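Residue-level structure breakdown
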Amino acid sequence: MITANQMRAARALLGIDQKALAEMSGVSLPTIQRMEASEGDVRGIVDSLMKVVNALDRAGIELIGEHARSETGGRGVRYRQPSQKLN
């Protein structure tokens with residue numbers, strides 16, 4: 001659904017901190033912190049995940065899944081595994 005890297009990238013695009021995302025989505029700051037500390041896909045209660053995804057969507061963030069196309073245009077970020085290990 002959403003990865004921790006996507007959450008951090010979305011916040012960076014919006015120029016907001018974790019507290020602001022918590023307020024926008026109606027979930028607690030510790031929940032946002034736990035989500036962003038996840039490895040790979042964010043783990044959490046589905047309702048909380050949906051609140052975060054919906055809040056990001058309302059703010060203009062399009063979450064692009066692996067191998068998915070962006071149909072709406074505009075700027076976006078897609079994270080892919082690098083072909084080489086970074087130093």
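Computed from a predicted model, the values in this text were never measured in an experiment. (Residues numbered from 1 in each chain as written. Predicted model: local features only at pLDDT ≥ 70, side-chain atom pairs only at ≥ 80, totals over all residues. Heavy atoms only, no water.)

1. Structural notes on the overall build of the chain
We apply this condition: Comment: elements are numbered from the N terminus, with helices defined as DSSP H or I runs of at least four residues and strands as E runs of at least two. Burial classes: relative accessible area under 20% of the type maximum marks a residue as buried, over 50% as exposed, and values in between as partly exposed (1.4 Å probe, protein chains only). Contacts are assigned to residue pairs that have any heavy atoms within 4.5 Å of one another. Computed with a 1.4 Å probe, the accessible areas rest on the Shrake-Rupley method; for each residue, only the protein chains presented here act as cover.
Each helix and strand in the chain was counted, giving 4 helices and 0 strands. Written out in order from the N terminus, the α and β elements of the chain read α-α-α-α. Residue burial in the chain is summarised as follows: out of 87 residues, 28% are buried. Across the chain, every contact between residues at least 6 apart in sequence was considered, and the portion connecting residues at least 24 apart equals 53%. When the accessible surface of the chain is split by element, carbon and sulfur atoms take 50% of a total near 6200 Å².

2. Observations concerning the packing of helix α3 (residues 29-37) against helix α4 (residues 46-58)
Counted only if it meets this: For helices, the axis comes from a line fit to the C-alpha atoms of the stretch in contact; other axes are also lines fit to C-alpha atoms, and the angle between any two N-to-C directions lies between 0 and 180 degrees. These descriptions rest on fixed angle ranges, namely under 35 degrees for roughly parallel, over 145 for roughly antiparallel, 65 to 115 for roughly perpendicular, and the rest for oblique. Here the term charged refers only to Asp, Glu, Lys and Arg, the term nonpolar to Ala, Val, Leu, Ile, Met, Phe, Trp, Tyr, Cys and Pro, and the term polar to all other amino acids, Gly among them.
As a packed pair, α3 and α4 sit with axes 12 Å apart at the nearest point and diverge in direction by 90°. When the axes of α3 and α4 are compared, the pair comes out roughly perpendicular. Along the contact surface, α3 presents Thr 31, Ile 32 and Met 35, while α4 presents Ser 48, Leu 49 and Val 52. Here the contact of α3 with α4 is built from residues that sort into 4 nonpolar, 2 polar and no charged.

3. Considerations on the UniProt feature "domain: HTH cro/C1-type" (unreviewed entry) in the chain
Formally: UniProt positions are given in the numbering used here, feature names are shortened, and annotations may be inferred rather than shown by experiment.
If you check UniProt for "domain: HTH cro/C1-type" (unreviewed entry), the listed places come out as residues 7-36 in our numbering. Spanning residues 7-36, this segment combines 80% helix with 0% strand, and its end C-alpha atoms are found 7 Å apart.

4. A word on the nonpolar core
Our working definition: By nonpolar core is meant a set of buried Ala, Val, Leu, Ile, Met, Phe, Trp, Tyr and Cys residues that side-chain atoms within 4.5 Å join together.
Ranked by size, the top nonpolar core spans 15 residues in total, and within it Ile 2, Met 7, Ile 32, Met 35, Val 42, Val 52 and Leu 56 carry the most contacts. Listing elements by their share of this core, those giving two or more residues are α1 (4-14), α2 (18-25), α3 and α4. With 4 residues, the single largest contributor to this core is α4. Contacts of Met 7, omitting those with residues within four sequence positions, involve Ile 2, Leu 21, Ile 32, Met 35, Glu 36, Val 42 and Val 52.

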